[in-house]
Amino acid sequence: MRLTIRRRSGRRAALLAVGAMTAGLLLTAPQQATAGPPNLLSNPGFETAGPAGADMPSCWSKSGWGDNDFTFATVAQAHTGTKAMKVSLTRRVDGDRKALVTENSTCAPTVTPGRQYDLSAWYKSDTPDVSVTVFRRDTTAGWQYWTDLQNPPVSAAWARTEVRTPAVPPNTDKIAWGLSVYGVGTLTTDDYALEEVGAVPPQPVCSGTAEECAKGKWEVIPAKNPVRSMHAVVLKNGKVLLIAGSGNDIAQFNAGTFTSAVYNPANGSFKTIPTPVDMFCAGHVQLSDGRVLVMSGNKGYPSADGKIGYQGLKDSYVFDPATEAYTKTNDMNGGHWYPSATVLGNGDVISFGGLKEDSTGNVTAEKFSAAQNKWLPMNEVNQTWSYWGLYPSMILMQDGRLFYSGSHTFGNGTPGTGASIYDYGANTVTDVPGLRNKDQRDESASVLLPPAQDQRVLTIGGGNNESNPAANRITDIIDLKKPSPGYTAGPDLPQGLVDTGTGKRPQTGAEGKMYVSAVLLPDGKVLETGGGLHDRADPVFEASFFDPTTNTYQPGLATDPIPRTYHSASFLMPDGRVMSVGDNPGNGTYNHNVSIYTPPYLFKGARPQITSVIDTQWVYGDTQRITVNRPVAKAELIRPAAVTHSSDPNQRFVDLPMTVNGNNIDLNVTSNPNLAPPGWYMLFAVDANGVPSLATWVHLGGPSALAAAQEQPSAHEHSFADKLGPAKQNPAKRDSVPVAPGVAGCDRHYGTVNVCVPTRFPAEVKETAKARCDWLASHQYPKRLKVNGSDPLRLDPDGDGYAC
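Conventions we followed
- Residues numbered from 1 in each chain as written.
- Predicted model: local features only at pLDDT ≥ 70, side-chain atom pairs only at ≥ 80, totals over all residues.
- Heavy atoms only, no water.
- Buried < 20%, exposed > 50% of the residue type's maximum accessible area, 1.4 Å probe, protein only.
- Helix = DSSP H or I, 4+ residues; strand = E, 2+ residues; numbered from the N terminus.
- Pairing = 2+ DSSP bridges.
- Disulfide = S-S within 2.5 Å.
- Contact = heavy atoms within 4.5 Å.
- Phe/Tyr/Trp six-rings, centres within 6.5 Å; stacked < 30°, edge-to-face > 60°.
- Lys NZ or Arg CZ within 6 Å of the ring centre and 35° of its normal.

### Thoughts on the pairing of strand E17 (residues 292–295)
Side chains of E17 alternate between two faces, with Val 292 and Val 294 and Leu 293 and Met 295 buried alike. Sheet analysis places strand E16 (residues 283–286) next to E17, joined by four bridges and oriented antiparallel. Bridge pairing in E17 places Val 285 opposite Leu 293. Connecting E16 to the next strand, E17, in antiparallel fashion are five residues, including Gly 290 with a positive phi near 95 degrees.

Listed below in structure tokens is the structure:
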């Protein structure tokens with residue numbers, strides 16, 4: 001696919017709206033820098049020559065990558081003094097060129113982890129394709145790319161650009177940086193500065209109990225969820241769409257009763273929404289205009305004897321938050337019960353996997369065209385004829401490829417390493433190594449870690465619904481910026497209390513959880529909560545924070561008092577709290593209680609406020625100004641949730657580098673839509689103690705002409721994951737793959753289809769009728785389950801046609 005989009009020339013800058021009285025920090029005429037902390041750079045104006053024979057000034061090096069023609073020259077047309085640096089690209093296929101602070105102990109300034117630094121320089125350019133690029137030295141791994149911070153605009157006269165780094169990561173002792181030119185044109189720079197931000201964050205205060213300030217607080221709200229929701233989508237107006245369809249209830253299916261509801265957090269109310277088809281186990285994703293695309297669902301439940309499994313719908317609908325109603329689109333090319341749904345950088349949606357109308361595995365890729373507002377015919381979509389399982393987690397990478405993380409709901413035993421990179425444009429699938437226990441990743445969670453610019457994915461827990469071992473504690477992390485990325489072992493998931501039907505007990509040994517929820521929080525951490533030890537059974541009461549800066553868990557948080565296993569969901573709300581819904585254990589019941597988690601950061605005193613946003617319609621590459629009521633350390637966009645079955649591959653946290661002038665903050669919006677696909681986002685400002693503001697809704701997009709542009713420069717696209725192994729040979733064209741009717745891990749010989757007697761009982765349950773019946777009783781299964789045909793689990797020793 002490799003789709004990148006260029007920010008438009010003469011881009012709209014929201015700063016212009018405020019006129020001269022609030023002129024931005026990107027100045028168009030020379031001004032003297034204001035007095036500030038000491039400049040930590042050596043030779044900031046290129047005035048000191050390099051050693052004899054050197055072709056660059058002291059403490060500066062030629063840097064860059066890719067296929068391009070370039071020149072470096074020290075010129076006399078300086079901003080101050082007698083020298084400046086001129087870099088030109090005359091031909092570019094990819095890559096960039098820049099004068100970079102030399103990466104050695106003499107020239108690269110020493111920095112302190114956790115602190116922030118203001119980077120500034122004077123420049124002239126005739127190209128918009130310029131970025132502020134920063135590298136850091138890890139005390140263990142050495143020098144490595146860190147981030148791109150800003151896209152200074154074209155300026156014929158000397159202009160000053162300034163931007164603040166994120167907090168310096170742990171184990172970093174040096175940074176180096178420069179202005180990169182990544183499009184054909186010329187960039188001249190002078191008078192660089194790197195200054196430590198001197199502000200000391202205020203001491204946090206505790207506005208709750210000591211336990212709340214350390215662990216957060218869960219509350220069960222009075223109102224109950226009126227529908228058996230399997231899907232949750234946070235809408236652009238802050239409400240929540242909860243989709244049930246038949247809600248895994250065959251009686252509702254047979255009656256044609258399909259339901260959804262909209263929850264309004266402003267008043268705690270629920271509104272039931274007419275629902276046209278059975279959207280139980282559909283896919284969903286937010287389109288760029290804020291409507292919700294819902295694809296497939298359930299055409300039919302398994303037969304009583306288990307000879308046919310679930311069947312997928314072709315149907316597709318969009319839900320409009322403004323009218324709170326569904327409208328039909330054209331059909332997909334085939335049924336996809338449990339499909340993936342990933343929004344692309346141009347706003348299109350791509351979908352894989354699931355079960356067809358005849359319960360076989362669907363091998364057809366589907367693509368929804370944002371421009372045409374329809375699903376494309378099969379012959380207009382690249383096909384590898386690969387089977388990806390059910391709800392495969394497909395995450396959009398910064399260059400437009402897709403990363404299959406190895407998380408899925410059902411689909412163990414598929415060939416390969418369990419994780420791979422899919423290049424739509426080249427139509428190739430390439431495995432990546434390192435994912436442990438690849439066939440015990442049912443109901444695991446995968447998340448693109450904050451910030452999205454780092455391109456790191458965390459995969460959490462999981463099990464195997466067919467063999468039904470105890471869920472694992474495994475977490476694996478992959479850095480997709482590496483030339484040959486592979487998973488490495490992360491820290492074990494913290495343990496909590498598990499209820500195996502006879503009361504809660506501490507988890508032991510390697511016990512972890514499946515059905516886990518992973519929620520990106522505005523302070524940059526990941527809340528993991530909920531889950532169960534076995535397939536649709538044995539809830540685990542445990543929650544923790546994963547910190548991407550340290551790759552560690554903070555265990556021992558407050559736990560949701562409501563069990564959250566199969567068909568549960570947790571997601572971030574615009575006020576910074578987390579909402580949790582659902583629980584559908586194998587006995588067929590459903591929990592309608594709704595929980596709200598208040599993280600510790602909301603017990604640290606008053607929140608910062610975004611007091612104004614000049615413009616809520618943002619364009620890629622823009623500089624957007626906000627005003628805050630007090631200093632903040634960072635700002636970011638978080639894409640609202642569209643989650644089901646532990647899966648939300650579109651969830652992402654996009655850092656917004658800041659240029660700070662008192663309480664006015666200019667936010668630098670990425671020019672790469674693969675980092676932040678078009679759509680509505682929650683904008684948070686966060687202080688140095690991790691306390692977030694309330695979110696402001698902003699829309700990120702660009703002209704439709706840009707959305708179709710291919711292979712244009714982007715500041716944030718680097719040569720990552722470019723040394724993969726050989727691509728796998730795609731299967732020959734085929735209609736489907738066979739999938740066992742028991743793919744869902746349920747033995748259909750017992751009871752009704754919404755009751756899931758496990759195909760395999762947990763290992764500690766003896767293979768006797770009494771032990772198995774005792775387990776079913778302790779987990780509150782209905783008494784006297786009807787035997788449908790044969791009795792493979794020997795639950796009916798007296799032969800009366802009823803189990804136990």
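Text resumes after the structure shown.
### Details of the state of the cysteines
Within this structure, the stated rule accounts for four disulfides. A sulfur-sulfur distance of 2.1 Å marks the disulfide that ties Cys 59 to Cys 107. Note on the Cys 59 and Cys 107 pair: the S-S dihedral is about -75 degrees, so by sign convention the disulfide is left-handed. Taken together, the residues span a long stretch of sequence, with Cys 59 in the segment before strand E1 (60–65) and Cys 107 in the loop between strand E4 (96–101) and strand E5 (117–125) at a distance of 48 residues. Neither residue differs from the other here; Cys 59 and Cys 107 are each classed as buried. The disulfide partner of Cys 206 is Cys 213, and the S-S distance across this bridge is 1.9 Å.

### Details of the pairing of strand E30 (residues 428–431)
Here strand E29 (residues 420–423) runs beside E30; their pairing, made up of four bridges, is antiparallel. Bridge pairing in E30 places Ser 420 opposite Asp 431.

### Describing the environment of Gly 335
Tracing the backbone through its elements, the reader meets Gly 335 in the loop between strand E21 (325–328) and strand E22 (342–343). Along the sequence, Gly 335 and Gly 353 sit 18 residues apart, while their C-alpha atoms lie 9.5 Å from each other. Aside from chain neighbours lying at most four places away, what touches Gly 335 is Ser 296, Gly 312, Leu 313, Lys 314, Leu 355, Lys 356, Glu 357 and Asn 362.

### So, the packing of aromatic side chains
Note on aromatic pairs: each is described by the distance of the centres and the angle between the planes. Overall, the coordinates contain 31 aromatic pairs when judged by the stated rule. Ring centres of Tyr 145 and Phe 720 lie 5.7 Å apart, and the angle between their planes is 50 degrees; on these two criteria the pair is classed as tilted. Here Tyr 145, found in strand E7 (residues 142–148), pairs with Phe 720, found in the loop between helix H3 (704–707) and strand E56 (736–737); they are 575 residues apart in sequence, far enough to count as distant. Assigned by exposure class, Tyr 145 and Phe 720 land together as buried. An aromatic cluster is built from Phe 253, Phe 258, Phe 280, Tyr 301, Tyr 310, Trp 337, Tyr 338, Tyr 391 and Phe 410, whose rings are joined through pairwise contacts. Seen from the ring of Tyr 566, Arg 536 lies directly overhead, with NZ or CZ sitting 4.1 Å from the centre.

### Some words on the sheet that holds strand E32 (residues 456–460)
The strand order E31-E32-E33-E34 describes an open sheet built from four strands, whose pairing is antiparallel. On the outer flanks of this sheet lie strand E31 (445–448) and strand E34 (488–489), each paired with one strand and no other. Pairing of E31 with E32, which is carried by four bridges, proceeds in the antiparallel orientation. Paired with Leu 448 across the two strands is Val 457, which belongs to E32.

### Digging into the side chain of Ser 420
Secondary-structure assignment places Ser 420 in strand E29. Of the residues examined, Ser 420 reaches a relative accessible area of 4% and is grouped as buried. Once you skip the residues sitting within four places of it in the chain, Ser 420 turns out to touch Trp 388, Leu 402, Phe 403, Tyr 404, Val 429, Thr 430, Asp 431 and Val 432.

### Points about unusual backbone geometry
Cis geometry marks the peptide bond from Pro 450 to Pro 451, where omega comes out at -15 degrees. Looking at where Pro 451 falls in the secondary structure, it is placed in the loop between E31 and E32. Despite not being glycine, Tyr 338 shows a phi value in the positive range, around 70 degrees. By the secondary structure assignment, Tyr 338 is in the loop between E21 and E22. Looking at Tyr 338, the relative accessible area reads 0%, which means it is buried. Here Glu 443, not a glycine, exhibits a phi torsion of approximately 55 degrees, which is positive. Relative to the elements of secondary structure, Glu 443 occurs in the loop between E30 and E31. Overall, the relative accessible area of 2% leaves Glu 443 in the buried class.

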